[in-house]
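Listed below, chain by chain, are the residues.
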Amino acid sequence: GAVVSQHPSRVICKSGTSVKIECRSLDFQATTMFWYRQFPKKSLMLMATSNEGSKATYEQGVEKDKFLINHASLTLSTLTVTSAHPEDSSFYICSAHTGGHEKLFFGSGTQLSVL
Amino acid sequence: AQTVTQSQPEMSVQEAETVTLSCTYDTSENNYYLFWYKQPPSRQMILVIRQEAYKQQNATENRFSVNFQKAAKSFSLKISDSQLGDTAMYFCAFMSPNAGNNRKLIWGLGTSLAVNP
């Protein structure tokens, strides 16, 4: 099956620094990638949708200047948490849509801890 | 707007027994997709089963099957012969194929299933 690789799996950073999370589709071209945030024992909260070569579409309440999303190629999307603060600590998950098959494949997630 | 409701926050079942997780949704569309995803303690999201609304036949994947009732907007998941490895959060999700929706999933709040030995 399709594989989505997400790195890093865990990152600890100091408050005020920026963190970049990568999401790669390894064996297919992802026309659309989604970025989610998940709190413990809660559902996934969609942050933004990115289409290759265009600006990401952010959900209401998500700061686009804080959560920078780049989808420069059909196999790579990145989420950068800028000037991270402790309240940004969370589990972040990416998923990729294959296009035409109505299936989503998920990365393994990144646990961000901001000290 | 579409919504997905999972009314059972937590459930438990004995190993080898059968359990059914409920999911209802609301939409005005006629064509759409429904999914059940499993999230074990590793937190990797795993697709369990997928149903296309225009297909009347209920989807089945080994021990997992759904009861899709389109008129009632119900999409329950039945797990037969439960195994310890089925312990996980289970999320029901809805997708509209309309391009304007960008194919994003609408998620339920999840059901935490514990399979007891």
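Residues numbered from 1 in each chain as written. Chains lettered and ligands numbered in written order. Predicted model: local features only at pLDDT ≥ 70, side-chain atom pairs only at ≥ 80, totals over all residues. Heavy atoms only, no water.

Draft legend 1. Representation of the state of the cysteines. Residues and elements named next belong to chain A. Applying the stated criterion across every chain, the model contains two disulfides over all chains. Two residues share a disulfide in this structure: Cys23 and Cys94, whose sulfurs sit 2.0 Å from each other. Judged by the torsion about the S-S bond (80°), the Cys23/Cys94 disulfide is right-handed. Here Cys23 is found in strand 3 (residues 19–25), whereas its partner Cys94 is found in strand 9 (residues 90–97), with 71 residues between them in sequence. (Disulfide = S-S within 2.5 Å. Helix = DSSP H or I, 4+ residues; strand = E, 2+ residues; numbered from the N terminus.)

Draft legend 2. Structural detail: the interface of chain B and chain A. On the chain A side, the residues contacting the 19 residues of chain B number 23 residues. Two residues, Lys104(B) and Glu59(A), come together in a salt bridge whose shortest N-O distance is 3.2 Å. Our enumeration of links across chain B and chain A arrives at eight residue pairs in polar contact (both at pLDDT 80 or more). Only strand 5 (33–39), strand 10 (88–95) and strand 11 (105–107) of chain B provide two or more residues apiece to the side of chain B that touches chain A. Here the side of chain B that touches chain A gets four residues from one element, more than from any other, and that element is strand 5 of chain B. Split into classes, the residues belonging to the side of chain B that touches chain A amount to 11 nonpolar, four polar and four charged. (Contact = heavy atoms within 4.5 Å. Salt bridge = Lys/Arg side-chain N within 4 Å of Asp/Glu carboxyl O. Polar contact = N/O pair within 3.5 Å; in protein donor to acceptor, adjacent residues only side chain to side chain. Nonpolar A, V, L, I, M, F, W, Y, C, P; charged D, E, K, R; others polar.)

Draft legend 3. Examining the packing of aromatic side chains more closely. Applying the stated criterion across every chain, the model contains 14 aromatic pairs over all chains. Seen in terms of ring centroids, Phe67(A) and Tyr92(A) are 6.3 Å apart; in terms of plane orientation they differ by 40°. Their pairing is tilted. A residue pair is termed long-range when its members are at least 10 positions apart, and Phe67(A) in strand 7 (residues 67–73) and Tyr92(A) in strand 9 qualify at 25 residues. Note on accessibility: Phe67(A) and Tyr92(A) belong to one class, buried. Ring plane angle 35° and centroid distance 6.2 Å describe the contact between Tyr25(B) and Phe94(B), whose orientation is recorded as tilted. Taken together, the positions of Tyr25(B) in strand 4 (residues 24–26) and Phe94(B) in strand 10 put the pair 69 residues apart, joining distant regions of the chain. (Phe/Tyr/Trp six-rings, centres within 6.5 Å; stacked < 30°, edge-to-face > 60°. Buried < 20%, exposed > 50% of the residue type's maximum accessible area, 1.4 Å probe, protein only.)

Draft legend 4. Just the sheet that holds strand 1 (residues 4–7) of chain A, in detail. All names here are of chain A. The strand order across the open sheet formed by four strands is 1-3-8-7, and the pairing between neighbours is antiparallel. Edge positions in the sheet fall to strand 1 and strand 7, since each has one partner strand and no second. Each adjacent strand pair in this sheet contributes to an overall mean axis angle of 15°, direction not counted. Pairing of strand 3 with strand 8 (residues 76–81) involves six bridges; the strand directions are antiparallel. Counterpart to Cys23 in the pairing with strand 8 is Ser77. (Pairing = 2+ DSSP bridges. Axes fitted to C-alpha atoms, helices over the stretch in contact; angles between N-to-C directions.)

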